[in-house]
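In case you want the letters, here they are:
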Amino acid sequence: MSDTPSHAPVKSIMPKWVRGPQDFVGGVALIAIALFALWASSDLQGMRGFSFGAGTAPRMFAFLLLGLGVAVMVVGLLTEGAHLAKYHWRGPLFVSLAILSFALMIRPMGLIVTAFSSFLIAALGTPETKWTETVIVAVCLTVFCSLLFPYALGLPLQMLPKFMIR
């Protein structure tokens, strides 16, 4: 047996006219995000004369992202590129769960519990997590957030859970 890599053709689900599947799919994803942003900002006021409305910046960035997505997609059509890589869902899943848990827990549980637990949930996104170091960083981050948001920035955030305040 030889240690040299096989030169067998890579099976692809993409049509033959897509020469760089990774760029093509990335461009399509950027276009989808831009179209969603345009749809989501459609009910916001736009620019009137020289005054900016609430929807001006989101629409400008969405159009820029749309143009970038089209450019990346065209690169995937015209140039030879990498095939689609295997996608690992664990990282994005746990980071999304951490963001969702922060949004749901911030009012009833307060900043201290929420910041600490959200950081630990996000740390589950990789099997390489060293839990002793993760807990130390989570404590430091929680202390930093507890000083930054209510004191340095003056935001009226509840620090402790509601059941401990009453």
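Calculation criteria
Residues numbered from 1 in each chain as written. Predicted model: local features only at pLDDT ≥ 70, side-chain atom pairs only at ≥ 80, totals over all residues. Heavy atoms only, no water. Salt bridge = Lys/Arg side-chain N within 4 Å of Asp/Glu carboxyl O. Helix = DSSP H or I, 4+ residues; strand = E, 2+ residues; numbered from the N terminus. Buried < 20%, exposed > 50% of the residue type's maximum accessible area, 1.4 Å probe, protein only. Patch = residues over 30% accessible without salt bridge, like charges linked within 9 Å, V, L, I, M, F, W, Y side chains within 5 Å. Areas by Shrake-Rupley, 256 points an atom, 1.4 Å probe, with all protein chains shown as cover.

Draft legend 1. Broad picture of the pattern of salt bridges. Overall, the coordinates contain one salt bridge when judged by the stated rule. As a salt-bridge pair, Arg19 and Glu80 come within 3.4 Å of each other at their nearest N and O atoms. With Arg19 in the segment before helix H1 (21–40) and Glu80 in the loop between helix H2 (56–78) and helix H3 (90–123), this residue pair connects regions lying 61 residues apart in the sequence. The class for Glu80 is exposed, based on a relative accessible area of 59%.

Draft legend 2. Structural detail: a nonpolar patch on the surface. Where nonpolar side chains cluster on the molecular surface, the patch consists of Leu124, Trp131, Val135, Val139, Val143, Leu147 and Tyr151 and spans about 660 Å² of accessible area. For Val143, the location among the structural elements is in helix H4 (residues 131–152).

Draft legend 3. Examining the environment of Leu78 more closely. Among the structural elements, Leu78 can be located in helix H2. For Leu78, a relative accessible area of 56% puts it in the exposed group. The spacing of Leu78 and Trp17 is 61 residues in sequence and 8.6 Å in space, taken between C-alpha atoms.

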